[in-house]
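Structure assessment
Given next are the chains, with one letter for each unit.
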Amino acid sequence: MIDLPTFNIGNLVINIIQGGMGVRISGKYLASAVANCGGAGIIATVGLGLFDDEEDSKLSYAEANQQALREEIRAARQMSNGVIGVNIMFALKDYEQLVEVAVDEEVDLIISGAGVARHLPDLVGDKDICLVPIVSSAKAARTITNAWERQNKVPDAFIVEGPKAGGHLGFAYDDLVNETAPKLEDIAKGVIDFAKNSFETPVPVVVAGGIYTGQDIAYYKNEIKAAGVQMATRFVTTLECDASDKFKLAYLNAKKENIRIIRSPVGLPGRAIMNDFLERAQNKEIKVKCKSHCLKACKQKESLYCIAEALVNAQKGHLGYGFAFAGANAYRATPESCLDSEGKFITVKTLMERLSKEYHSSL
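Before going into details, it helps to say that this report is about the structure given with it.

What counts and how
- Residues numbered from 1 in each chain as written.
- Predicted model: local features only at pLDDT ≥ 70, side-chain atom pairs only at ≥ 80, totals over all residues.
- Heavy atoms only, no water.
- Salt bridge = Lys/Arg side-chain N within 4 Å of Asp/Glu carboxyl O.
- Helix = DSSP H or I, 4+ residues; strand = E, 2+ residues; numbered from the N terminus.
- Buried < 20%, exposed > 50% of the residue type's maximum accessible area, 1.4 Å probe, protein only.
- Phe/Tyr/Trp six-rings, centres within 6.5 Å; stacked < 30°, edge-to-face > 60°.
- Lys NZ or Arg CZ within 6 Å of the ring centre and 35° of its normal.
- Pairing = 2+ DSSP bridges.
- Right-handed = clockwise from strand over helix to strand, strands pointing away.
- Core = buried A, V, L, I, M, F, W, Y, C linked by side-chain atoms within 4.5 Å.
- Contact = heavy atoms within 4.5 Å.
- Disulfide = S-S within 2.5 Å.

This paragraph deals with the pattern of salt bridges. Scanning the entire structure with this criterion turns up 12 salt bridges. Aspartate 245 is paired through a salt bridge with lysine 248; the nearest N and O atoms lie 3.9 Å apart. Here aspartate 245 and its partner lysine 248 are both found in helix α10 (residues 245-253), three residues apart, which amounts to about one turn of the helix. Accessibility expressed as a relative area gives 46% for aspartate 245, which makes it partly exposed. On the accessibility criterion, lysine 248 (1% relative accessible area) is buried. Taking the shortest distance from any N to any O, the salt bridge between glutamate 342 and lysine 344 comes out at 3.8 Å. Given the relative accessible area of 48%, lysine 344 is considered partly exposed. Residues participating in the shared-partner salt-bridge network are Arg70, Arg74, Asp104 and Glu105.

Here you go:
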């Protein structure tokens, strides 16, 4: 039985937000499964249309990505009547076009991070779509609020992402390596105070980054007073996750010391599972060939590898040619906790039931 506490974002009632994981890790299958369990299923928009087997495709990178996003949203809708949203990184070169697709397909919410999307409300117009920015400080929450209020819109919620998240991170490399970055609890309290005192109706604050158990959910809801949580890493090792089994096995085989902070070609630090590919990249042994030119900040001439191609390879299970992004707690995924009696990855429903039990056992 799934009995997790719910919270509201606009008119949406959900028990958890499944974090958007690119490239192709959180797609239609994972999003629809989470939505069917009362959560917000989130499709990550980055890299959906990249590196298909049809090398003679006449579509540009942007066109392929937008077409793939449309197809993913429609497929998720066919598999679920629940809450389906998208995560669109502002750092993407085709950000505006991806928003347009999401609006056309009438998703329930748009989560936007990796930069300050000051003009997002204008792009969405009068569509009944919840808009949720990802922030890493109360200052950032204030900046985006000021920009949106000039468009007669306030955020429907804030997601506060802390330093233990996976993928690209909005903190200084040295602070992440030395573990001197601000703690999620401290950042969240500042944003919660801002969201409580700056609007006629308080805006819900959702916390993310290192949330792994039902006990974590209870702590952030009851002690820190967050409205709810976003989780990503723990959903990777489920049957419905859109990654290949080999990608999921990288999590099961990871030790704590394998999960490291890396310097990404896009100019940001990121957290990933260290492997042979990343070791070879550090030694400048990887041939760089960019097909997509997908991120505004990517330093192609200085890059040790094409991150888009590496992440697509990883999603397909070709980890000799890529690597897996992961949150700080990915090492806690074990065969005992992630596989069923037949040796198959547990379903999202089973995971949600476990989170529910963990939550209530901690109260």
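Picking up where we left off.
Attention now goes to the packing of aromatic side chains. Within this structure, the stated rule accounts for eight aromatic pairs. Plain terms: the ring middles of phenylalanine 277 and phenylalanine 323 are 6.3 Å apart, the flat faces sit at 20 degrees to each other, and that makes the pair stacked. Here the residue phenylalanine 277 occupies a position in helix α11 (residues 276-282), and phenylalanine 323 occupies one in the loop between α12 (307-316) and α13 (335-338), the gap between them amounting to 46 residues. Using a relative accessible area of 0% as the deciding quantity, one classes phenylalanine 323 as buried. Joined through ring pairs, the aromatic side chains of Phe158, Phe194 and Phe199 make up one cluster. The cationic tip of lysine 248 hangs over the ring face of phenylalanine 345; the distance from NZ or CZ to the ring centre is 5.3 Å. Positioned above the aromatic ring of tyrosine 173 is the side chain of arginine 263, whose terminal nitrogen or guanidinium carbon lies 3.6 Å from the ring centre.

So, about the pairing of strand β12 (residues 259-263). Where a strand is regular, its side chains alternate between the two sheet faces. Summarising the sheet, β12 and strand β13 (residues 269-273) pair through five bridges and their orientation is antiparallel. Across the sheet, residue arginine 263 finds its bridge partner in β13, namely proline 269. Where β12 folds back on β13, the antiparallel hairpin that results is connected by five residues, among which glycine 267 adopts a positive phi of roughly 90 degrees.

Turning next to the sheet that holds β12. Strand order in this open sheet of three strands is β9-β13-β12, and the pairing throughout is antiparallel. Either end of the sheet is taken by a strand with one partner, and the two such strands are β9 (167-168) and β12. Examined bridge by bridge, β9 and β13 share two bridges and lie antiparallel to one another. What sits directly across from histidine 168, in β13, is glycine 270.

Here we come to the pairing of strand β6 (residues 109-113). Along β6, five of the five residues are buried, which leaves the element largely enclosed by surrounding structure. The alternating pattern of β6 places Leu109, Ile111 and Gly113 and Ile110 and Ser112 on opposite faces, both of which are buried. As paired strands, strand β5 (residues 83-89) and β6 are joined by five bridges and run parallel to one another. Across the sheet, the residue bridging to glycine 85 is leucine 109, located in β6. Between β5 and its parallel partner β6, the chain crosses via helix α3 (residues 95-104), and the hand of that crossover is right-handed.

In terms of nonpolar packing, the biggest core is built from 108 residues, with Ile110, Phe158, Phe235 and Phe323 touching the most fellow members. Among the elements that make up this core, the one with the highest residue count is helix α7 (residues 184-197) (seven residues). If near-sequence neighbours (up to four positions away) are discounted, phenylalanine 235 is found in contact with Ile16, Gln18, Met21, Leu30, Val34, Cys241, Val348, Leu351 and Met352. Counting residues in each nonpolar core, the second largest holds 17 residues, with Ile14, Ile42, Cys130 and Ala208 among its members.

We now examine the state of the cysteines. Simply put, the disulfide is a covalent bond whose two ends are the sulfur atoms of two cysteines. A complete count under the given rule lists zero disulfides for this structure. Here cysteine 338 stays free of any disulfide, with the sulfur of cysteine 241 as its closest cysteine sulfur at 11 Å. Its relative accessible area of 3% is what places cysteine 338 among the buried residues.

With that settled, consider the environment of valine 207. Residue placement: valine 207 occurs in strand β10 (residues 205-208). For valine 207, a relative accessible area of 0% puts it in the buried group. Considered as a pair, valine 207 and isoleucine 192 are 15 residues apart in the sequence and their alpha carbons are 10.0 Å apart. In this view, valine 207 contacts Val160, Leu184, Ala188, Tyr220, Ala226, Gly228, Val229 and Gln230; residues no more than four positions away in its chain are not counted.

Here the focus is the environment of glycine 270. In this structure, glycine 270 sits in strand β13. Overall, the relative accessible area of 0% leaves glycine 270 in the buried class. Sequence separation between glycine 270 and leucine 176 is 94 residues, and the spatial gap between their C-alpha atoms is 9.2 Å. Non-local contacts of glycine 270, meaning those with residues more than four positions away in its chain, are made with Gly167, His168, Leu169, Arg260, Ile261, Ile262 and Phe325.

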